[in-house]
Amino acid sequence: MNIVILTGSNRKNATSTRLGEYAVEIIKSHGHQVSLFNLYEKPLPFYSPDEKQGTDENLANLNSVMLAADAIILSTPEYHGSISGVLKNALDHLSQAHFSGKPVLSISSAGGAVGVSSLTQLQTMVRNLHGINAPEWISIGGAQRRRFEATFDGYEEYEGSQDVEERVQRVLGSFLNLAQTLTAARNAL
Ligand SMILES: Cc1cc2nc3c(=O)[nH]c(=O)nc-3n(C[C@H](O)[C@H](O)[C@H](O)COP(=O)(O)O)c2cc1C
């Protein structure tokens, strides 16, 4: 399978982006193709219904990788009880053509213990884009974010890191199983 991870932070060392990078490692270890589209490194123009923006290089790149994806992971920081502006802007550039019938996993990083609010809203957007929400999601919040901070350098620095890693690996494993079933069904159509 070909999986795309879209990371929705405009912060260089964002934990939501590093969580996405960790997901890349896990997905590769399962033998799948995976690419990460980092909205900090590849910023998009503000969406405008009035303008044709197809000449923007980052936007053209996003369009092609999302069309080619069999499954999608959306990663966001929790901002004011919702998703980030840059991720919402990216989703406004996209449509059902990129999501329809594809499994989508939502993941978030929050200052509070759990980022339920951003994840719930992300799943609402996925449903409106006709993607298929995975039954689980991944939230890292509060101290759990330490595993994904730029200063993290191994297990000793944060005793809870193994629990976080195991949870991320378990959810990604079940997402990949779902994605394989749905991809086989789509390919059989
Ligand atoms: C503008 C802004 C709004 C935020 N709003 C919330 C919030 O509503 N709930 C929360 O738990 N954390 C909130 N936070 C904290 C972030 O969710 C937290 O720092 C998160 O780890 C950021 O993700 P990042 O490491 O990917 O940048 C907010 C942070 C910023 C900068």
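Keep in mind it's a predicted model, so treat the numbers as computed, not measured.

## Regarding the overall build of the protein
Here's step 1: Counting its regular elements, the protein contains six helices and six strands.
Here's step 2: Going from N to C terminus, the protein has its helices and strands arranged as β-α-β-α-β-α-α-β-α-β-β-α.
Here's step 3: Since a compact globule built from 189 residues should have a radius of gyration of about 16 Å, the 16 Å found for the protein is in line with a globular shape.
Here's step 4: Judged by the C-alpha coordinates and their principal axes, the protein covers about 50 × 35 × 25 Å.
Here's step 5: A total of 189 residues make up the protein; the buried ones form 48% of that total.
Here's step 6: The long-range share in the protein, meaning contacts at least 24 apart out of those at least 6 apart in sequence, stands at 75%.
Here's step 7: Taking the average location of the 15 positive side-chain charges in the protein and that of its 19 negative ones, the two points are 4 Å from each other.

## Observations concerning the nonpolar core
Here's step 1: If you look at the biggest cluster of nonpolar residues, it comprises 26 residues, and the most contacted ones within it are Ile 27, Ile 73, Leu 105, Ile 138 and Leu 172.
Here's step 2: Of all the secondary structure elements, the ones that give two or more residues to this core are β1 (2–7), α1 (15–29), β3 (71–77), β4 (103–110), β6 (138–141) and α6 (161–188).
Here's step 3: The element best represented in this core is α6, accounting for seven residues.
Here's step 4: The contact partners of Ile 138, leaving out residues within four places of it in the chain, are Leu 19, Leu 105, Ser 106, Ile 107, Ser 108, Leu 119, Val 168, Val 171 and Leu 172.

## Notes on the site of the ligand
Here's step 1: Lining the immediate environment of the ligand, one finds 15 residues, of which Arg 11, Thr 15, Ser 16, Glu 78 and His 80 sit closest.
Here's step 2: Here an oxygen atom of the ligand sits 2.8 Å away from a polar atom, N or O, in the main chain of Gly 81.
Here's step 3: Starting from 630 Å² of accessible surface for the ligand in isolation, the protein chains cover 68%.
Here's step 4: Counting only elements with at least two residues in the shell around the ligand, the list comes to α1 and β4.
Here's step 5: Across the shell around the ligand, the residue classes tally to four nonpolar, eight polar and three charged.

## Some points on helix α2 (residues 57–68)
Residues spaced three or four apart along an α-helix point in a common direction, a consequence of the helix completing one turn every 3.6 residues.
Here's step 1: In this model, α2 (twelve residues) spans 17 Å end to end at C-alpha, consistent with the 16 Å of a helix rising 1.5 Å per residue.
Here's step 2: Listing the buried residues of α2 in full gives Asn 58, Leu 59, Leu 62 and Met 66. For α2, the angular spread of the buried residues around the axis is 95°, confining them to a single face.
Here's step 3: For α2, the secondary structure elements touched by its buried residues are β1, β2 (33–38), β3, α3 (85–93) and α4 (96–99).
Here's step 4: The N-cap residue of α2 is Asp 56: its side-chain oxygen and the backbone nitrogen of Asn 58 are 3.1 Å apart.

About the cut-offs
Residues numbered from 1 in each chain as written. Predicted model: local features only at pLDDT ≥ 70, side-chain atom pairs only at ≥ 80, totals over all residues. Heavy atoms only, no water. Helix = DSSP H or I, 4+ residues; strand = E, 2+ residues; numbered from the N terminus. Rg over C-alpha atoms; globule rule 2.2 N^0.38 Å. Buried < 20%, exposed > 50% of the residue type's maximum accessible area, 1.4 Å probe, protein only. Contact = heavy atoms within 4.5 Å. Lys, Arg positive; Asp, Glu negative; His and termini not counted. Charge placed at Lys NZ, Arg CZ, Asp CG, Glu CD. Core = buried A, V, L, I, M, F, W, Y, C linked by side-chain atoms within 4.5 Å. Near = heavy atom within 4 Å. Polar contact = N/O pair within 3.5 Å; in protein donor to acceptor, adjacent residues only side chain to side chain. Areas by Shrake-Rupley, 256 points an atom, 1.4 Å probe, with all protein chains shown as cover. Nonpolar A, V, L, I, M, F, W, Y, C, P; charged D, E, K, R; others polar. Expected span 1.5 Å × (residues − 1). Arc of directions from axis to C-beta.

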